[in-house]
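Overview (structure and organization)
Okay, here's what each chain looks like letter by letter:
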Amino acid sequence: MISPRPWQVGQARREQHVRARLGPRLRAHGESHDFVQEAVIDVLTHGPRFAIADNGQFRALLCRIVENNLRDRNRWLLRERRDPARHRPLPTDTVLHLD
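Residues numbered from 1 in each chain as written. Predicted model: local features only at pLDDT ≥ 70, side-chain atom pairs only at ≥ 80, totals over all residues. Heavy atoms only, no water.

Considerations on the overall build of the chain
The helix and strand tally for the chain stands at four helices and zero strands. Going from N to C terminus, the chain has its helices and strands arranged as α-α-α-α. Across the 99 residues in the chain, those meeting the buried criterion constitute 24%. For the chain, the proportion of contacts with a sequence separation of at least 24, taken over those separated by at least 6, is 56%. As presented, the chain carries roughly 7,700 Å² of accessible surface, and 54% of it is formed by carbon and sulfur atoms. (Helix = DSSP H or I, 4+ residues; strand = E, 2+ residues; numbered from the N terminus. Buried < 20%, exposed > 50% of the residue type's maximum accessible area, 1.4 Å probe, protein only. Contact = heavy atoms within 4.5 Å. Areas by Shrake-Rupley, 256 points an atom, 1.4 Å probe, with all protein chains shown as cover.)

Description of helix α1 (residues 11-21)
Looking only at α1, the buried set comprises Arg14, Glu15 and Val18. All buried residues of α1 fall inside an arc of 100° around its axis, so they share one side. For α1, the exposed residues lying more than 90 degrees away from the buried face are Ala12, Arg13, Gln16 and Ala20. Elements in contact with the buried residues of α1: α3 (32-46) and α4 (55-78). (Arc of directions from axis to C-beta.)

Spelled out as structure tokens, the structure:
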């Protein structure tokens with residue numbers, strides 16, 4: 001039987017695991033607890049489609065979703081239009097006067 005709040009068990013350990021998996025790009029765009037919370041929301045949203053028998057299966061599902069979310073976020077950040085090397089500051093030497 002799954003305990004009432006299985007996502008709280010081992011929360012610090014999951015955050016530590018996520019911190020170890022984050023590269024510099026992902027660290028610049030989020031905290032480890034944010035990624036874990038996002039995964040918990042995904043589990044609670046999509047979890048009913050899975051037959052989860054115990055806390056171990058829940059933790060395994062949560063870990064898999066965390067890994068997938070990290071990969072997806074990294075791919076999203078790597079897309080050309082989001083590449084930090086392409087960012088240019090807005091010019092500050094011109095002023096547009098609106099009448």
